Amino acid sequence: MQAQSSWSAERTPGAFLHDLKLAAAAAGVKADRQSIAEGFAPFADRFCRQPVEIRTTTLAPDQREVSFRFVDEAARGALWSLARSWFDLAGPGVRFMNAVHEAFDLRAEGIDSDVRTGFRKAWAFLSAGHAIDRITRLDAAPPALSKARDVLERYGLGHLSIVGTDHFNGTCNVYPMLAPGWAKPETVRDLARDFDFAPLEPAWLDYFERSVAANFTFSWSSGELERMSFYRPAMSVEELPDDPILRRFAAECPCIAPQRAFIPSIAYARKGHYRKLEIDYDGNIVGVLVRCAQVPTAARAGEGT
């Protein structure tokens, strides 16, 4: 049986915080109340009003995340300004995100926090997809992004529409725009080979079909691509990978949406591949993410490339 929130569908702060504790338990993770509160408090109104998702991974329990994210399609810099000042952020990730905000128009912003570590990530959803070379020229862009440019462009992944900075791990995520039908198992397999990732289990490859988004993770302390992930919506548990961690989370994580929707994904990683699952907590996040991923390129939108 799939668990709905044990509270009412109204998202009060108390109800949402309670559901985060239940989500952590569903993933086999012990939540830290203080970290949850610190990540939630500055954005409490948005976590209670905006589209939200809750996410976990199949990593070992001591590394497993249970993160909670909202996306605000009306935000145009206010979230990043608040996060930067409230959490006293510093370092190359701050300079890079500052440069993103100065260089590009936004169509949305987002914030990620984690039940064990608190605030984690800030997201800038760009109003158009911009050529990767323009991103690499920004202040403090990770050198590894420039190194990966030729491979990404060769595979038709040369325009980026979403940028995230992870201020806990010292990494950034960039999302290239995927053409319809791009995500074929053999294409992803070849891309992984060109980035020198270890091969993926053959049974996992089928899950790349129908992916609508991809994410590439770079670190400021490394000269190579750290991870790459591919995402596709799923409207039922039956569409999810047959993995006990993900299936339990899908069934037991609280959800206030009238019908459950999921975004499963697979991550190639240097230290071992794994899978992830995002639950559309209120029934609105899938649509937001699809809209943010399907913006026009800068040339079509009349913006500078």
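Scroll up for the structure.
Below, the structure is looked at part by part. Throughout this description, residue numbers start from 1 for each chain and increase along the sequence as written. Given that this is a predicted model, residues contribute local features only at a pLDDT of at least 70 and side-chain atom pairs are listed and counted only at 80 or more, while totals for whole chains, interfaces and linings are drawn from all residues. With hydrogens and water set aside, each side-chain value is computed from the structure's full complement of heavy atoms.

### Some remarks on the overall build of the chain
Here comes step 1: A count of helices and strands for the chain gives 12 helices and 10 strands.
Here comes step 2: We compute the radius of gyration over the C-alpha atoms and compare it with the globule rule, which gives 2.2 Å times the number of residues raised to the power 0.38. By the compact-globule yardstick of 19 Å for 305 residues, the chain fits well, its C-alpha radius of gyration being 18 Å.
Here comes step 3: Taken over the C-alpha atoms alone, the chain extends approximately 50 × 45 × 35 Å along its principal axes.
Here comes step 4: Note on exposure labels: buried denotes an accessible area under 20% of the residue type's maximum, exposed denotes more than 50%, and partly exposed covers the range between, all computed with a 1.4 Å probe on protein chains only. Counting the 305 residues in the chain, one finds 57% classified as buried.
Here comes step 5: When contacts within the chain are restricted to residue pairs at least 6 apart in sequence, long-range pairs at least 24 apart make up 70% of them.
Here comes step 6: Only the protein chains shown count as cover for residues, and the accessible areas themselves come from Shrake-Rupley with a 1.4 Å probe. Total accessible area on the chain is roughly 12600 Å²; 50% of this is exposed by carbon and sulfur atoms. Strands here mean DSSP runs of E at least two residues long; helices mean DSSP runs of H or I at least four residues long; both are numbered from the N terminus. Every residue pair with non-hydrogen atoms within 4.5 Å of one another is taken to be in contact.

### Some words on the packing of helix 1 (residues 13-26) against helix 10 (residues 244-252)
Here comes step 1: Here an angle of 0 to 180 degrees is reported between the N-to-C directions of two axes, which are lines fitted to C-alpha atoms, with helices fitted over the stretch in contact. Running from N to C, helix 1 and helix 10 cross one another at 155°; their axes reach a closest spacing of 9 Å. As far as their axial angle goes, helix 10 and helix 1 are roughly antiparallel. Note that helix 1 runs across helix 10; the crossing there is right-handed. Across the interface between the two elements, A23, A25 and A26 of helix 1 pack against R248, F249 and E252 of helix 10. With respect to orientation, any angle under 35 degrees is reported as roughly parallel, any angle over 145 as roughly antiparallel, any angle of 65 to 115 as roughly perpendicular, and every other angle as oblique. Should the near helix be turned anticlockwise from the far one by less than a right angle, the crossing is left-handed, and should it be turned clockwise, the crossing is right-handed.

### Describing the sheet that holds strand 5 (residues 159-166)
Here comes step 1: Reading around the circumference, 1-2-3-4-5-6-7-8-9-10 is the order of the 10 strands in this closed barrel, with antiparallel pairing throughout. In this sheet, adjacent strand axes meet at a mean angle of 20° when their direction is disregarded.
Here comes step 2: Relative to strand 6 (residues 171-176), strand 5 runs antiparallel, the two sharing 6 bridges. By the bridge assignment, T165 is partnered in strand 6 with C172. Two strands qualify as a pair provided that DSSP identifies no fewer than 2 bridges between them.

### Some remarks on the pairing of strand 10 (residues 274-280)
Here comes step 1: Counting buried residues in strand 10 gives 7 out of 7 residues, a clear majority hidden from the surface.
Here comes step 2: A two-sided burial pattern is seen for strand 10, the buried positions comprising Y274, K276, E278 and D280 on one face and R275, L277 and I279 on the other.
Here comes step 3: As paired strands, strand 1 (residues 52-57) and strand 10 are joined by 5 bridges and run antiparallel to one another. In the sheet register, E53 faces strand 10, and the bridge partner there is D280.

### Quick word on unusual backbone geometry
Here comes step 1: Phi is positive for D88, which is not a glycine, with a value near 50°.
Here comes step 2: Looking at where D88 falls in the secondary structure, it is placed in the loop between helix 4 (78-86) and helix 5 (92-103).
Here comes step 3: Judged by its relative accessible area of 67%, D88 is exposed.
Here comes step 4: A positive phi is found at D196, a non-glycine position, where the angle reads about 65°.
Here comes step 5: Structurally, D196 can be placed in the loop between helix 8 (185-194) and helix 9 (202-205).

### Focus: the nonpolar core
Here comes step 1: In this description, a nonpolar core means a group of buried Ala, Val, Leu, Ile, Met, Phe, Trp, Tyr and Cys residues linked to one another through side-chain atoms lying within 4.5 Å. Membership of the largest hydrophobic core comes to 84 residues, with the highest contact counts inside it found for L191, F195, F216 and M228.
Here comes step 2: Those residues within four positions of M228 in sequence are excluded, and the remaining contacts are V188, L191, A192, F195, F197, N215, F216, I266, A267 and Y268.
Here comes step 3: Y175, I285, V286 and L289 belong to the second largest nonpolar core, which has 15 residues in total.

### Here we look at the pairing of strand 6
Here comes step 1: Of all 6 residues that make up strand 6, 6 are buried, and the element is covered over most of its length.
Here comes step 2: Residues T171, N173 and Y175 point to one face of strand 6 and C172, V174 and P176 to the other, with burial holding for every one of them.
Here comes step 3: Where strand 5 hands over to strand 6, the hairpin turn is made up of 4 residues, of which G170 adopts a positive phi near 70°.
Here comes step 4: As judged from the 4 bridges shared by strand 6 and strand 7 (residues 213-219), these two strands associate in the antiparallel manner. Counted as the bridge partner of C172 is F218 from strand 7.

### Describing the side chain of S219
Here comes step 1: Tracing the chain through its elements places S219 in strand 7.
Here comes step 2: You can call S219 buried: its relative accessible area is 6%.
Here comes step 3: Nitrogen and oxygen atoms within 3.5 Å of one another constitute a polar contact, given that in protein one can donate a hydrogen and the other can accept it, and given that sequence-neighbouring residues count only through two side-chain atoms. Side chain to side chain, S219 and S221 meet in a polar contact 2.9 Å long.

Honestly, that's just the spatial picture; any functional story needs more than this.
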